[in-house]
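Residue-level structural notes
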There are 2 protein chains.
Amino acid sequence: MASAARRPRGPPGLCWALLGPLGLCCGPAAAATNIVLLLMDDMGWGDLGAFGEPSKETPNLDQMAAEGMLFLDFYTASPLCSPSRAALLTGRLPVRNGFYTTNGHARNAYTPQDIVGGIPDSELLLPELLKKAGYTNKIIGKWHLGHRPQFHPLKHGFDEYYEDFKIDLKTGEANLTQLYLQEALDFISKQQAGQQPFFLYWAIDATHAPVYASKQFLGTSQRGLYGDAVREIDDSVGKILKHLQQLGISESTFVFFTSDNGAALISAPRQGGSNGPFLCGKQTTFEGGMREPAIAWWPGHIPAGGVSHQLGSVMDLFSTSLSLAGLQPPSDRQIDGIDLLRVILQGKLIDRPIFYYRGNELMAVRAGLYKAHYWTWSNSWEEHSKGIDFCPGQSVAGVTTHTQEEHTYLPLLFHLGRDPGEKYQISFGSEEYQRAVEHISGLVQQHKATLVPGQPQLNVCDQAVMNWSPPGCEKLGKCLKAPESDPKKCSWPH
Amino acid sequence: MASAARRPRGPPGLCWALLGPLGLCCGPAAAATNIVLLLMDDMGWGDLGAFGEPSKETPNLDQMAAEGMLFLDFYTASPLCSPSRAALLTGRLPVRNGFYTTNGHARNAYTPQDIVGGIPDSELLLPELLKKAGYTNKIIGKWHLGHRPQFHPLKHGFDEYYEDFKIDLKTGEANLTQLYLQEALDFISKQQAGQQPFFLYWAIDATHAPVYASKQFLGTSQRGLYGDAVREIDDSVGKILKHLQQLGISESTFVFFTSDNGAALISAPRQGGSNGPFLCGKQTTFEGGMREPAIAWWPGHIPAGGVSHQLGSVMDLFSTSLSLAGLQPPSDRQIDGIDLLRVILQGKLIDRPIFYYRGNELMAVRAGLYKAHYWTWSNSWEEHSKGIDFCPGQSVAGVTTHTQEEHTYLPLLFHLGRDPGEKYQISFGSEEYQRAVEHISGLVQQHKATLVPGQPQLNVCDQAVMNWSPPGCEKLGKCLKAPESDPKKCSWPH
């Protein structure tokens, strides 16, 4: 890898004219920026001090924001883990890249152990593209794009994959975040010694239930075990940033912090986080399910203390990373992410909508400060009656509905500036409604007209595909024989 | 007034030994710190960028926090205007200073135009005490402690009183905040030229419905008219702080920013603010009704960027101000406020409970991170059915009740660290419950044993006491004759 001093301070763009349709670029010789994506699991918008968490226990992340740029209107592409991560790595909506189901209407689907599908080979993942610019790519933590051999991260552009699990469910103690931290620091050190740029995808999971923290952080938070996990993550992020600075590569390393979906309120308060003033959480297309904490950090490039209201998406991390690497996005397919570098470096605002999907359905659309709901649903009465509640303590009549309510002809409209909590519908008869819905309806029409849904990957489950013989099982005499293949429709209740 | 250079940097304490029971101190010769209290009206905890408001439109207040100390656990003494303000100026709970009613159980009461009562002469107000240390005292904006001549601010220690009202209800345009700002800047300039310290009580009201902003701020906020008002206030606070700096007296002027009660959700979204992640709003003793945004600023004394979890109260502004003036609090009565200087200057934490009163009833108590509800009530079914909702979009079973529910024998317990939204009751049978409730019950017993309720001032209303002949009415030929006196019990529905 080139030393910091030899690297250009701005994003490299000299060789753009030479790029091919699949992002073939100038090769390893180009001086490209390192990329570190810090992706949290089920962390909510309201979980950081900088975003108003009342305990304010994230000094390192708050400092990261103070030195970088805070994104207040940044979204995931799905209120659930797997589709969100597939969208981040492909720059494409799950409905395009196949990370959705058609087993039921508007159902969230993910990749349980018995899922048959995974990331299709036809999808181009960020690390695959970055390799063309000479990047060394590592994923630490959660992959979530399929378990079968053909879906392995090393088959999709990553050079290294580190994952581990061992949590004491009783005490909530686990040193996993420390392992992930050490792995990150080691990778950065090793890369820095080489000549290649690197991409580190740090997809840790300590804030996903079952939540955990290592001993030194247990009991340190006002917020209980969940807060302990957040504190350990905060400390770890601080150490990663400091490491980059100490190695002298902070100015040649772009770091972005965000989360895969909103806080899992179903696990709150001990195992779930906070979505601040927003409605509901994970699994829903209300703001609490989809708006994410987000911070960009790149000393010497991003003006310190910046705040952006750019409508951003995890899919933009795909396009922005390519731009940082001097690569162009693939031109043979629809990419939903946009390059945020002008936003981050020059404070521009790019006009673009946010599409809120739940499975195969476009539930809502945000344009500017307006959000139109075309469908509303939290979960079924049946699930709700069992205590599964995605909106605990919250209830907005006609909005947090327990039946799937269609509003495609007369969407429910909210103004997220005046009403971030989606509590006050704008009157159907008002001029404001007419104007905003007309605009958003045009965007929807345009979006749907060009939409080519991908082959749904999350329809079929089969116990035979589970890993019955994990490495080391022979020594322990615990290898199991896989059952006969018996593919079934996966059950997606919400 | 002494110049900044001649003033001590720390709070003066040399003459404390000489103080009398009513706070008689060393007289004007003592070099005392100027005091500026910026009291907002119905502004909620979640209304500032520093507290997580998603539009982040308060750069000056956020900067004030960055240069000073942010209080995350700061409370009012009542979820309604008049009692809160009476508590601030007397350092005493409304149930002591008389700003409550016994007409009904647990009813919020204030000072409408026909109220007969007001601040009793027996109460010692902050400005009265500060006069003894040579302060010149000015109130700009809302007094709220009674309308009859004997209750006038100039009869209770203020030297100057500036108030004005003229709002275009249709457009929301009014330049009142500008008038209040100019009045503040002029007062500060004038005082700075003299030799006396000053106390400025800037009790503005632009965020109380009907909300307003001056022309230059109308339409500038993402948050609509309410946000315009907040932006104008933010701008004004920035100008006041800058003025202090330009006059060279910022290091001899203690400034504190807070609000009288939580955001009035009943007026949201166009006329009401945000209580962030907290439950309900104004009128209630849930966190949304009582927890306030709070910032202390005193360059050269308060370490920049401080954050405090001290349980604080508007009543502490009384005691802290006296301390700044080198005065001791009155010793002939119970003072509920505590001196926060050790907290502010040295980052100490003082162990003390917060009592949440609604009218004559102790509804809840906070100690540490635990809050015990002894009574729960939002408002009556009757009111609620008319659309009066203090908790819009929020509903916590058994907590946001529409009948007054007594829990004095088995209080509802919440952990505000894990659960700032008061959504998850701690199980009655748990050890945690036993321990916390035992502790809080002891505090309640102690509190009640020593409580001497004041004569309730807000029981009687009489149209005859209204101001039927305001100044200038003769010229306009609009003086009205007061009706015969007909005192009645005031009606306090919630």
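Placed above this text is the structure.
Please read these numbers as outputs of a predicted model, since none were measured by experiment. (Residues numbered from 1 in each chain as written. Chains lettered and ligands numbered in written order. Predicted model: local features only at pLDDT ≥ 70, side-chain atom pairs only at ≥ 80, totals over all residues. Heavy atoms only, no water.)

Our focus in this paragraph is the sheet that holds strand 15 (residues 412–415) of chain A. Residues and elements named next belong to chain A. Pairing is antiparallel in the open sheet, where four strands are placed in the order 10-11-12-15. Edge strands, defined here as strands with exactly one partner in the open sheet, are strand 10 (354–358) and strand 15. Between one strand axis and the next, the sheet turns by 20° as a mean value, whatever way the strands run. Inspection of the sheet shows strand 12 (residues 370–373) paired to strand 15 by four bridges, in the antiparallel sense. In the strand pairing of strand 15, Ala 372 is matched with Leu 413. Its contacts with the sheet place helix 11 (residues 431–449) against strand 10, strand 11 (361–367), strand 12 and strand 15, and it is angled at close to 125° to strand 11. (Pairing = 2+ DSSP bridges. Helix = DSSP H or I, 4+ residues; strand = E, 2+ residues; numbered from the N terminus. Axes fitted to C-alpha atoms, helices over the stretch in contact; angles between N-to-C directions. Contact = heavy atoms within 4.5 Å.)

Below, the discussion takes up the packing of aromatic side chains. A complete count under the given rule lists 32 aromatic pairs over all chains for this structure. Consider the rings of Phe428(A) and Tyr433(A), whose centres lie 5.3 Å apart with planes at 90°: the pair is edge-to-face. On the numbers, 6.3 Å between centres and 25° between planes, the contact of Phe254(B) with Phe256(B) is stacked. Note on accessibility: Phe254(B) and Phe256(B) belong to one class, buried. An aromatic cluster is built from Phe71(A), Phe74(A), Phe254(A), Phe256(A) and Trp298(A), whose rings are joined through pairwise contacts. (Phe/Tyr/Trp six-rings, centres within 6.5 Å; stacked < 30°, edge-to-face > 60°. Buried < 20%, exposed > 50% of the residue type's maximum accessible area, 1.4 Å probe, protein only.)

Moving on: the interface of chain A and chain B. With 35 residues of chain A at the interface, the matching set in chain B holds 35 residues. Between chain A and chain B the total buried area reaches about 2,900 Å² when both faces are included, carbon and sulfur atoms providing 59% of it. The largest per-residue losses of area from chain A upon contact with chain B belong to Pro54(A), Gln222(A) and Arg418(A), which jointly make up 22% of the total buried on that side. Across the chain A-chain B interface, the total number found is two salt bridges. (Buried area = accessible area lost by both parts, 1.4 Å probe. Salt bridge = Lys/Arg side-chain N within 4 Å of Asp/Glu carboxyl O.)

Among all residues except glycine, the phi angle is most often negative; among peptide bonds, the trans geometry is most common. All names here are of chain A. Omega for the bond connecting Ala 268 with Pro 269 falls within 30 degrees of zero, at 0°, which places this linkage in the cis form. With respect to the secondary-structure elements, Pro 269 resides in the loop between strand 6 (253–259) and helix 7 (287–290). Phi at Lys 56 is positive, roughly 45°, even though this residue is not glycine. Checked against the element boundaries, Lys 56 lands in the loop between strand 1 (34–40) and helix 1 (59–67).

Per the counting criterion, the structure on display carries six cavities of 30 Å³ or more. Lining the largest cavity are 45 residues, with Gly276(A), Pro277(A), Gly276(B), Pro277(B) and Gln394(B) sitting closest to its centre. (1 Å grid on protein atoms, 1.4 Å probe; cavity = no way out; pocket = protein on both sides within 12 Å on 5 of 7 lines; lining within 4 Å. Points joined across faces, edges and corners; volume = space filled by probe spheres on them.)

Take the side chain of Ser221(A) next. All names here are of chain A. Structurally, Ser 221 is set in the loop between strand 5 (198–203) and helix 6 (224–246). Within the structure, the side chain of Ser 221 is placed 2.6 Å from the side chain of Glu 57, a separation counted as a polar contact. Those residues within four positions of Ser 221 in sequence are excluded, and the remaining contacts are Glu 57, Gly 227, Asp 228 and Arg 231. (Polar contact = N/O pair within 3.5 Å; in protein donor to acceptor, adjacent residues only side chain to side chain.)

A few words now on the relation of the copies chain A and chain B. The transformation that overlays chain A on chain B combines an axial shift of 0.0 Å with a rotation of 180°, and the residual RMSD is 0.0 Å. In short, the pair behaves as if placed about a two-fold rotation axis. Residue Gly52(A) of chain A places its C-alpha closer to the rotation axis than any other residue of that unit, at 1.8 Å. Taken together, the interface assignments show that 100% of the residues at the interface of chain A recur at the interface of chain B, consistent with an identical surface on both copies. (Least-squares fit on C-alpha atoms with pLDDT ≥ 70 in both.)

In short, geometric facts, not functional conclusions.
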